[in-house]
Structure formats: structure tokens, C-alpha cells
Amino acid sequence: MKTLTTEAELDAFCTMAQMHPFVTIDTEFLRERTYYSKLCLLQIAVPGTCVDDAVLVDPLSPDMGLEPLYRLFRDTSVVKVFHAARQDLEIFWNDAKIFPTPLFDTQVAAMVCGFGEQVGYETLVRKIVKEQVDKSSRFTDWSRRPLTDAQKTYAIEDVTHLRGVYLFLKAALERTDREAWVVEETQSLTDPAIYDVVPSEAWRRIKTRTSSNKFLAYVRELAAFREQYAQTRNVPRNRVYKDDAMVELASTKPITHEDLSKSRLLLREARKGEISDGILNAIKTVNAMDPETFPKLPKSNDKLQVNPALADLLRVLLKAKSEGSDVAQKMIANTSELDALAGGQRDLPSLKGWRMDVFGSDALRLCEGRVGLAVKGNKVKLFEL
């Protein structure tokens with residue numbers, strides 16, 4: 001297999017790739033020691049069986065630049081095929097603010113083709129291409145050079161087998177007229193808001209046991225400082241301080257360095273220097289803040305008047321519709337959405353687009369008391385009331 005180490009080599013391959021209807025792409029990266037993923041290897045394949053139809057690209061080579069790849073990403077005549085694309089897309093968005101267009105995610109497609117929820121690449125390869133994937137190199141250090149033959153083989157198979165998986169799923173979607181479903185789902189993967197973490201909004205990802213507005217204000221300021229510090233220095237956020245330490249700080253509200261020294265959960269490095277100053281400044285900011293500016297949590301389903309019996313019926317209906325349509329339940333609706341539906345909410349994803357046809361319309365009829373559920377053999381049936 002060939003490894004490209006210069007931008008000129010990548011440019012030649014991408015130029016050739018633009019003459020094909022699709023390319024398959026995968027990445028290998030590291031993120032244990034950095035905030036942003038470090039791209040260590042890129043794999044690309046075009047249709048065909050020739051050894052030159054699939055290549056490894058070394059982004060760590062001093063002579064490598066990825067602009068030819070991004071030109072290929074902008075070429076809308078070539079479908080860019082990934083499996084579980086989110087982490088790959090995050091790398092490209094952070095590097096060049098670009099998404100591959102059009103995008104096809106085989107994991108998404110598999111969920112509407114009867115392969116269950118979040119099916120793994122190895123499973124699809126085994127069931128569709130009838131090949132086995134060697135997993136022994138999955139957790140190796142991809143930043144080390146030279147790469148071993150085992151690493152190269154593992155990496156290249158991630159895109160060579162993906163060609164057969166893509167063609168199978170594409171044909172299945174065409175037979176069932178579900179291409180638009182996958183397009184709709186993959187559009188959400190190219191939303192910049194998924195990948196651009198705004199420090200002032202980072203608090204929303206922190207799990208807490210209290211909804212006190214002032215407590216949340218401390219969490220917001222502490223999370224914002226941590227996120228900004230981690231981003232500017234490209235270090236993992238947990239290397240600054242972990243979530244449980246943040247919640248502890250929001251509870252104890254330290255105002256001096258001596259107070260910080262009493263923390264049970266704060267890392268030693270965070271009790272001095274810039275991190276400790278940032279923590280104390282965050283607490284000070286909240287102490288001087290107008291209570292009207294404190295954050296508020298959105299209303300949760302816990303406060304809805306949820307009919308538990310109706311929620312249970314909706315779960316039964318969802319399972320039946322999932323089995324009947326060969327679409328993973330998780331892709332149609334999740335548990336909290338069913339509770340919201342049973343509580344009277346109607347602005348929900350399951351009541352829009354293809355989900356409305358598969359599940360939503362009958363779910364509404366069930367909520368309105370116009371239909372009931374019955375069991376016939378191993379099947380759940382709807383009947384008019």
C-alpha cells in the first residue's frame with residue numbers, strides 16, 4: 001500500500017479521485033493529551049480493486065498540506081463516505097472550517113436499513129462484505145513513526161471494505177426510497193454549533209444536582225474559564241479541573257488561595273498560578289453579579305404533567321414501529337421525547353419529516369385517544385376507537 005507524504009502526491013490522488021462518483025475516508029488521531037484532536041493518519045479510497053485505488057496520507061510529514069483534500073471536499077459531484085463521521089468532521093472543521101459535501105455516513109444509513117442502533121464498522125464489514133477486520137492495532141499510538149505493517153493494514157482496511165458497505169447500503173436505501181432520510185440525518189452532522197464550543201455555554205454540559213440559579217452562575221463562570229484556558233493552551237479540559245471538582249468549587253465558593261488548598265477534588269496544579277487565579281476570579285465575578293443575569297435551566301420533562309400510562313403505550317408503539325420499519329428506535333425517538341409527547345408537547349423531532357410518517361402520526365392518534373393498541377400473535381396492532 002502507498003503512503004503519501006507530500007502535498008503534491010495528495011494533489012495528484014485527489015485530482016484522480018474527483019473523476020469517481022464517491023470516495024471513502026477515515027482518520028486515525030490522538031486526543032488524550034490535547035484539547036483538539038491531533039490528526040495522525042488519513043485514509044482515502046476510490047472505487048476499484050487496484051492497489052493504487054487506496055492510499056494512506058501522512059499529515060505529520062513536513063511536506064504535507066491538506067488543501068487538495070479540502071478541494072475534494074468542496075466538489076459536490078463526489079460523495080464523501082465515512083463511518084460514524086462525527087469525530088472525523090470535528091478534525092476537519094477545527095483545522096479548516098470545512099465539511100465534506102455531500103456526506104454519506106454508513107452508520108446513519110445502517111440504522112435505517114435494519115442493522116440496529118449505532119452499529120459498528122466491524123459488524124457491517126462482517127455482515128455485508130463477509131470479511132473480518134483485525135482490531136489489534138485499534139488502540140496503538142498513531143503519532144509514532146514509522147508505522148508498522150499491521151497498523152497500515154488495519155488503517156487501509158477501514159476504507160477498502162467501506163466501499164462495499166457503502167454500495168450495499170446505497171442500493172438498500174434506493175430500494176426502500178429512504179435516501180432522503182439519510183440526507184436529513186447527516187445534515188445535523190454538519191452543524192458548526194456541534195463542534196464550536198463557546199466557553200460561556202460550556203456550563204450546559206455539566207451535570208449538577210441543583211437548579212439554583214446562583215449555583216448555576218458559579219458553574220457557568222468556572223466552566224467558561226476552564227474551556228477558554230483549555231482551548232488556548234490545547235490541553236484536555238479535565239487537565240485543568242474535572243467536572244466533580246468544578247461542582248465542589250461552585251458549592252464551597254473559595255475566595256482565597258488558602259480556601260483552594262482545602263479542596264478535596266482539585267488537582268495540585270490547579271491550586272496555584274493561572275488556574276487558581278482564574279477560579280478565584282470566576283467566583284468573584286459571580287459574587288458581584290446582578291441576580292437577574294444568573295442562568296436558568298430549561299424546563300425539564302420532570303415538570304411536565306406526564307401521563308405515565310400513555311408514555312408506556314408510546315414506548316410499545318415505538319418498538320412496534322421500529323420493528324415494522326427496520327429503523328432503530330433511537331433514530332426515531334428517545335425516552336425523554338416520548339415523555340414530552342405524553343406530557344402534551346408537540347414541537348418534537350418525531351413529529352417532523354420522515355419520523356412523522358413512520359411513527360409520529362400514529363403516536364398523535366394514540367395521544368388523542370383515537371386509536372388503541374392490541375397484540376396479535378407476536379405483533380402489536382393499532383385499532384380504531
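Fair warning: this is a prediction, and the values are worked out from it, not measured in the lab.

A.B. asks: Help me understand the environment of Ala311, please; the structure alone is not making it clear to me.
C.D. replies: When you line up the elements, Ala311 lands in helix α14 (residues 308-325). When sequence neighbours within four positions are dropped, the list of residues in contact with Ala311 reads Val306, Asp339 and Ala342.

A.B. asks: Help me understand a nonpolar patch on the surface, please; the structure alone is not making it clear to me.
C.D. replies: The grouping of Val316, Val375 and Val380 at the surface amounts to a nonpolar patch, some 230 Å² of accessible area in total. Turning to its location among the elements, Val375 is positioned in strand β7 (residues 371-376). Given a relative accessible area of 65%, Val375 falls into the exposed group.

A.B. asks: Honestly, the pairing of strand β5 (residues 79-82) in this entry has me stumped. Any pointers?
C.D. replies: The side chains of a regular strand alternate, residue by residue, between the two faces of the sheet. As judged from the three bridges shared by strand β2 (residues 22-30) and β5, these two strands associate in the parallel manner. By the bridge assignment, Phe22 is partnered in β5 with Val79. The pairing of β5 with strand β6 (residues 103-105) spans three bridges and is parallel. Residue Val81 lies in a different strand from β6, and its bridge partner there is Phe104. Where the polypeptide runs from β5 across helix α3 (residues 86-96) and back to β6, its parallel neighbour, the crossover connection is right-handed.

A.B. asks: Even after reading the chapter, I still don't get the environment of Asp362, so can you show me in this structure?
C.D. replies: Tracing the backbone through its elements, the reader meets Asp362 in helix α17 (residues 353-367). Setting aside chain neighbours within four positions, we find Asp362 in contact with Leu317, Lys321, Val371 and Leu382.

A.B. asks: Would you explain the environment of Pro21 in this entry?
C.D. replies: With respect to the helices, strands and loops of the structure, Pro21 is situated in the loop between α1 (7-17) and β2. For Pro21, a relative accessible area of 52% corresponds to the exposed category. Taking the C-alpha atoms as reference points, Pro21 and Leu317, separated by 296 residues in sequence, lie 40 Å from one another. Discounting chain neighbours no more than four positions away, the residues touching Pro21 are Pro47, Ser77, Val78 and Val79.

A.B. asks: What's the story with the sheet that holds β6 in this structure? I'm lost.
C.D. replies: In a beta sheet, neighbouring strands pair by backbone hydrogen bonds and run either parallel or antiparallel. Here six strands make up an open sheet; going across it, the order is β1-β4-β3-β2-β5-β6 and the pairing mixed. Either end of the sheet is taken by a strand with one partner, and the two such strands are β1 (2-4) and β6. On average, each strand axis in the sheet is inclined to that of its neighbour by 30 degrees, with strand direction left out of account. Direction of pairing for strand β3 (residues 38-45) relative to strand β4 (residues 54-57): antiparallel, over a ladder of four bridges. When the bridges of β4 are listed, Gln43 appears paired with Leu56. Of the strands in this sheet, β1, β2, β3 and β4 are in contact with α1, which crosses β1 at around 110 degrees.

A.B. asks: What exactly am I supposed to notice about the side chain of Ser37 here?
C.D. replies: Its place among the elements puts Ser37 in the loop between β2 and β3. On the basis of relative accessibility, which here comes to 18%, the residue Ser37 falls in the buried class. Beyond its immediate stretch of four places on either side in the chain, Ser37 contacts Phe29, Leu30, Arg31 and Ile91.

A.B. asks: When you look at the nonpolar core in this model, what are you seeing that I'm missing?
C.D. replies: The tendency in soluble globular proteins is for nonpolar side chains to be buried as a group. In terms of nonpolar packing, the biggest core is built from 59 residues, with Leu314, Leu341 and Phe359 touching the most fellow members. Looking at this core element by element, the count peaks at 10 residues for helix α6 (residues 149-176). Apart from residues no more than four positions distant in its own chain, Phe359 is found in contact with Leu314, Leu317, Leu318, Lys321, Ile332, Leu338, Leu341 and Ser350. If you look at the next biggest cluster of nonpolar residues, it comprises 32 residues, including Leu216, Leu222, Leu260 and Val286.

A.B. asks: Explain the pairing of β2 here, please?
C.D. replies: Among the nine residues that make up β2, eight are buried, leaving the element largely enclosed by the rest of the structure. Where β2 and β3 come together, seven bridges link them in antiparallel fashion. Each residue of the ladder has a partner; that of Phe29, found in β3, is Leu39.

A.B. asks: Just checking my understanding: could you explain the packing of aromatic side chains for this structure?
C.D. replies: The geometry of an aromatic ring pair is captured by two quantities: the separation of the ring centres and the angle between the planes. As enumerated under the stated definition, the model contains 13 aromatic pairs in all. Summarising the aromatic geometry, the rings of Tyr35 and Tyr36 are spaced 4.8 Å apart at their centres and angled 75 degrees between planes, so their arrangement reads as edge-to-face. Taking the relative accessible area as the measure of exposure, Tyr35 reaches 6% and is therefore buried. Where Phe115 meets Phe168, the ring centres are 6.4 Å apart and the plane angle is 75 degrees; that geometry is what we call edge-to-face. Here Phe168 lies in helix α6 and Phe115 lies in the loop between α4 (106-111) and α5 (121-129), a separation of 53 residues in the sequence. The structure contains a cluster of three or more aromatic residues connected by ring pairs, namely Tyr70, Phe73, Phe82 and Phe92. Arg233 extends its terminal NZ or CZ atom over the ring of Tyr229, reaching a point 3.9 Å from the ring centre.

Cut-offs and rules
- In this numbering scheme, every chain counts its residues from 1 along its sequence in written order.
- Local features in a predicted model are, by the rule used here, given only for residues with pLDDT of at least 70; side-chain atom pairs are given and counted only at 80 or more, and totals for whole chains, interfaces and linings are based on all residues.
- Each side-chain value is derived from all of the structure's non-hydrogen atoms; neither hydrogens nor water enter the calculation.
- By the criteria applied, helices consist of DSSP H or I runs no shorter than four residues and strands consist of E runs no shorter than two, each listed in order from the N terminus.
- By definition, residues are in contact when any of their heavy atoms lie within 4.5 Å.
- Put simply, a patch holds well-exposed residues, over 30% relative accessible area, that have no salt bridge, with like charges counted together within 9 Å and Val, Leu, Ile, Met, Phe, Trp or Tyr side chains within 5 Å.
- For the area figures, the Shrake-Rupley method with a 1.4 Å probe applies, and any residue is considered shielded solely by the protein chains shown.
- For salt bridges, the criterion is a side-chain nitrogen of Lys or Arg within 4 Å of an Asp or Glu carboxyl oxygen.
- Relative accessibility thresholds used throughout: buried, under 20% of the residue-type maximum; exposed, over 50%; partly exposed, between the two (1.4 Å probe, protein chains only).
- Strands were regarded as paired on the criterion that DSSP finds at least two bridges between them.
- Looking down the strands as they point away from you, a crossover is right-handed if its path from the first strand over the helix to the second goes clockwise.
- Between the N-to-C directions of two axes lies an angle of 0 to 180 degrees, each axis being a line fitted to C-alpha atoms and, for a helix, fitted only over the stretch in contact.
- What we call a nonpolar core is a set of buried Ala, Val, Leu, Ile, Met, Phe, Trp, Tyr and Cys residues that are connected through their side-chain atoms within 4.5 Å.
- Between rings of Phe, Tyr and Trp, where Trp is taken as its six-membered ring, a pair exists when centres lie within 6.5 Å; planes separated by under 30 degrees are stacked, by over 60 edge-to-face, and by other angles tilted.
- For a Lys NZ or an Arg CZ to count as sitting over a ring, it must be within 6 Å of the ring centre and within 35 degrees of the ring normal.

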